[in-house]
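Chains, contacts and geometry: an overview
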Amino acid sequence: MSSKWCDGDWLRCNVDGSWRKRWRDVPLPNLETVSLTREKNNSSRVKIFGVISQGLGRCSRLGVLRAGFNKLSGEIPKEIYNLSNLEELLLPANQLSGNIDDGITSLTKLRLLDLYFNQLQGEIPKSIGKLFNLRRLQLHINNLTGSVPVSLSNCTKLVKLNLRVNLLGGTLSNVDFSRFQSLSVLDLGNNSFTGDFPSTVYSCKNLTAMRFAGNKLTGQISPQVLELESLSFFTFSQNQMTNITGALSILQHCKKLSTLIIARNFYDETLPSNEDFLAPGAFPKLQIFGTGGSRLRGVIPAWLIKLKSVELMDLSQNQLVGSIPGWLGTLPNLFYLDLSSNLLTGELPKELFQLSALMSQKVYDATERSYLELPVFVSPNNVTSNQQYNQISSLPPAIYVNKNNLNGTIPVEIGRLKVLIVIELQANNFTGSIPDELSNLTNLERLDLSNNSLSGRIPWSLTGLHFMSYFNVANNTLSGQIPTGAQFDAFPKSYFEGNPLLCGGVLLTSQIQTLFFH
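Residues numbered from 1 in each chain as written. Predicted model: local features only at pLDDT ≥ 70, side-chain atom pairs only at ≥ 80, totals over all residues. Heavy atoms only, no water.

1. Regarding the overall build of the protein chain
The test is simple: Helix and strand definitions here come from DSSP, where helices need a minimum of 4 consecutive H or I residues and strands a minimum of 2 consecutive E residues; each element is numbered from the N-terminal end. What makes two residues a contact is simply this: any of their non-hydrogen atoms within 4.5 Å.
For the protein chain, the helix and strand inventory stands at four helices and 39 strands. For the protein chain, long-range pairs separated by at least 24 residues make up 57% of all intrachain contacts whose partners lie at least 6 apart in sequence.

Laid out in structure tokens, this is it:
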């Protein structure tokens, strides 16, 4: 083993009869690289535990220190900041605590600094601008406080800046983003920044992705955003922005925009609805469009029919009225539709069940889905949970129309959408029987029909849906025997309650258990 390189296997040692790894306090003057990073999904490689050795501070030639995705704890030793040749300091996804010491700014050759997903606290060093060679700064998912240092503007070589999910606050107007001419990815989401949306961001000509979601920013979207010709990902959900009509009028001309999430803004405004609201060629590459949770008024906009590239559409948690338009079924790439928690009325249109991306697995698989520059979150509050998605293809094919005022029967045409994984129709006024055609949806994992007025029997053919782990028909007027076998024996009793004429199945099992234990 060369003394210029050190990997995890070289530091392997036996502790209590099991193979583990730990830091060894062995100063090697010629050591140039320490690479102990554990790949996120590699369970075969044992995690390193313990504290970072102070002895590394005596490895004067060390240029690379990588030890991410382990169980390192304690503070980052100040001796590390004596490594004047260090270019990469990558310690993400550990259990490191304490402050980021001001001494880190003496590492003027540093190009990559990743300390994300730890338990770091305190402020970002005010003199961090001394790290003028930084290309990547990732401090997200910590407990950092204070404001973004003004001196950060001196890090003009930054390509990626991620401070998401911290406790940072104050305004962003003091940071001169216009100096970041190489910046491609900017994520300041889920903090407590206030004031107007920072206008100098529009001068970052190379920006491809930016997130300001989960802050307290105010103001309106400026036409200057069109100067960001490479922008493909933009989310500023959960702020206090106004004028949705103006925002969409401008953003529709962002030719490369593929992800636009503007939810939880524009409260109580009216969503523009006319088909001619969009200019010819508007939103040519838009794949993800989300504007939920804003109490928006109006109807489902007619201009949505022009979004031929859209794959995911979220209009949930608004106050939209009227019926669900059948032309939604003509959108060729749409596989995830969320219209839940609105005031929609009328029947489910049969045309909705002609969505080509949901009818054929081959068509669905053949659709080119891009890798997201930044992750998206199905629930904005679950910012570190498993509901984080880094690829569009990871999202489940789904239709959510629950919590509206829809009526009529469930169309048998629903059985055409064989790619569907999730269907939620609960909390409406649907009548009639549960279609036997649902048994055609062999990929289905979740089906919620609760809190409607459905009658008749539960089709036994549904027992053939072997992937279905959630099936809820509570509070309807169903009758007859509950199917048995397969997963139906494992569904809880509560999923069938509120149907006085249902019998057997898990209801019978629970009755026997009650008699036995009493």
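2. Comments concerning the side chain of N472
Operational definition: Working definition: with a 1.4 Å probe on protein chains only, accessible area under 20% of the residue-type maximum means buried, over 50% means exposed, and in between means partly exposed. What qualifies as a polar contact is a pair of N or O atoms within 3.5 Å, subject to a donor-acceptor requirement within protein and to the restriction that residues adjacent in sequence count only when both atoms come from side chains.
Following the sequence through the fold, N472 ends up in strand 37 (residues 470–472). Residue classification places N472 among the buried residues on the basis of a relative accessible area of 9%. Engagement of the side chain of N472 in a polar contact is seen with the side chain of Y470, the distance being 3.0 Å. Contact partners of N472, with chain neighbours within four places excluded, come to L447, D448, L449, S450 and Y495.

3. Comments concerning the sheet that holds strand 39 (residues 501–503)
Put simply, the test is: Strand pairing requires that DSSP identify at least two bridges connecting the strands.
Within the open sheet, the three strands sit side by side as 36-38-39. Their pairing is parallel. Every other strand in the sheet has two partners, leaving strand 36 (455–456) and strand 39 as the edge strands with one partner each. Alignment of strand 36 against strand 38 (residues 477–481), held across two bridges, turns out to be parallel. Following the sheet pairing, G456 is matched in strand 38 by L478.

4. Points about the packing of aromatic side chains
What counts, and what does not: Each aromatic pair joins two rings of Phe, Tyr and Trp (for Trp, the six-membered one) with centres within 6.5 Å, and gets the label stacked for planes under 30 degrees apart, edge-to-face for over 60, and tilted for any other angle.
Enumeration over the complete set of coordinates arrives at 17 aromatic pairs. When the centroid spacing of 6.2 Å and the interplanar angle of 80 degrees are considered together, the rings of F236 and F266 count as edge-to-face. With F236 in the loop between strand 20 (233–235) and strand 21 (240–241) and F266 in the loop between strand 22 (259–261) and strand 23 (288–290), the pair connects residues that are 30 residues apart, well separated along the chain. According to the relative accessible area criterion, F266 is buried, its value standing at 1%. When the ring of F491 is compared with that of Y495, the centres are 6.4 Å apart and the planes differ by 40 degrees; the resulting orientation is tilted.

5. Description of the confidence of the model for the protein chain
Stated formally: Residue-level confidence of the predictor is summarised by pLDDT, bounded by 0 at the bottom and 100 at the top.
In this model, the protein chain carries a mean pLDDT of 90, and residues with pLDDT of at least 70 account for 90%. Counted against residues more than four places away or in other chains, residues 7–23, with its pLDDT under 50, gives 47 contacts. Across residues 380–386, confidence stays below pLDDT 50; counting only partners more than four residues off in sequence or on other chains, it has 14 contacts.

6. As for the environment of G214
Summarising the element assignment, G214 is placed in the loop between strand 18 (209–211) and strand 19 (216–219). Take G214: its relative accessible area is 14%, and that puts it in the buried class. Leave out the neighbours within four places in its chain, and G214 touches N190, N191, S237, Q238 and N239.

7. Brief notes about the pairing of strand 17 (residues 192–196)
Where strand 15 (residues 169–171) and strand 17 come together, three bridges link them in parallel fashion. The residue of strand 17 that forms the bridge with T171 is T194. Pairing analysis gives three bridges linking strand 17 to strand 19, with the strands arranged parallel. Opposite G195, over in strand 19, you have L217 as the bridge partner.

8. Regarding the sheet that holds strand 19
The strand order 15-17-19-21 describes an open sheet built from four strands, whose pairing is parallel. Edge strands, defined here as strands with exactly one partner in the open sheet, are strand 15 and strand 21.

9. Things to note about helix 1 (residues 244–251)
For helix 1, the buried fraction is high: six of the eight residues fall into the buried class. Turning to helix 1, its buried residues are I244, G246, A247, L248, I250 and L251. Each element contacted by the buried residues of helix 1 is listed here: strand 20, strand 22 and strand 23.

10. A short note on the nonpolar core
Stated formally: Residue types Ala, Val, Leu, Ile, Met, Phe, Trp, Tyr and Cys, when buried and joined through side-chain atoms within 4.5 Å, form a set referred to as a nonpolar core.
Residues M210, V225, F234 and F496 are the most contacted members of the largest nonpolar core, which totals 155 residues. Counting residues per element, this core draws most heavily on helix 1, which supplies five residues. If we skip the residues at most four places from it in the chain, F496 touches I458, F471, V473, A474, I482, F488, F491, L502 and V506.

11. Quick notes on the environment of S394
Relative to the elements of secondary structure, S394 occurs in the loop between strand 30 (388–391) and strand 31 (398–400). Assessed through its relative accessible area of 39%, S394 is described here as partly exposed. Separated by 23 residues in the primary sequence, S394 and Y371 place their C-alpha atoms 10.0 Å from one another.

12. What to know about the pairing of strand 9 (residues 95–99)
Judged from the two bridges that link them, strand 7 (residues 71–74) and strand 9 form a sheet pairing that is parallel. Residue pairing for strand 9: G74 is matched across the bridge by L96. The pairing of strand 9 with strand 11 (residues 119–123) spans three bridges and is classified as parallel. The partner of G98 across the bridge, within strand 11, is L120.

13. Here we look at a nonpolar patch on the surface
The test is simple: Here, patches come from residues exposed beyond 30% relative accessible area and free of salt bridges, joined within 9 Å for like charges and within 5 Å for nonpolar side chains (Val, Leu, Ile, Met, Phe, Trp, Tyr). For the area figures, the Shrake-Rupley method with a 1.4 Å probe applies, and any residue is considered shielded solely by the protein chains shown. Salt bridges are identified by distance alone: a Lys or Arg side-chain nitrogen within 4 Å of an Asp or Glu carboxyl oxygen.
A contiguous nonpolar patch, built from V299, V321 and L343 and spanning about 200 Å² of accessible area, is present on the exposed surface. Looking at V299, the relative accessible area reads 36%, which means it is partly exposed.

14. Re the side chain of N452
Position of N452 relative to the elements: it lies in the loop between strand 35 (446–448) and strand 36. With a relative accessible area of 7%, N452 lands in the buried category. A polar side-chain atom of N452 sits 3.3 Å from the main-chain amide nitrogen of N429. In this structure the side chain of N452 is engaged in a polar contact, spanning 3.1 Å, whose partner is the backbone oxygen of L449. For N452, the residues in contact, after removing those within four places along its chain, are L425, Q426, A427, N428, N429, F430, N475 and N476.

15. Structural notes on unusual backbone geometry
At A427, a residue that is not glycine, the phi angle is positive and equals roughly 60 degrees. By the secondary structure assignment, A427 is in the loop between strand 33 (422–424) and strand 34 (429–431). Given the relative accessible area of 27%, A427 is considered partly exposed. The backbone of N451 sits at a positive phi, close to 55 degrees, despite the residue not being glycine. Within the secondary structure layout, N451 lies in the loop between strand 35 and strand 36.

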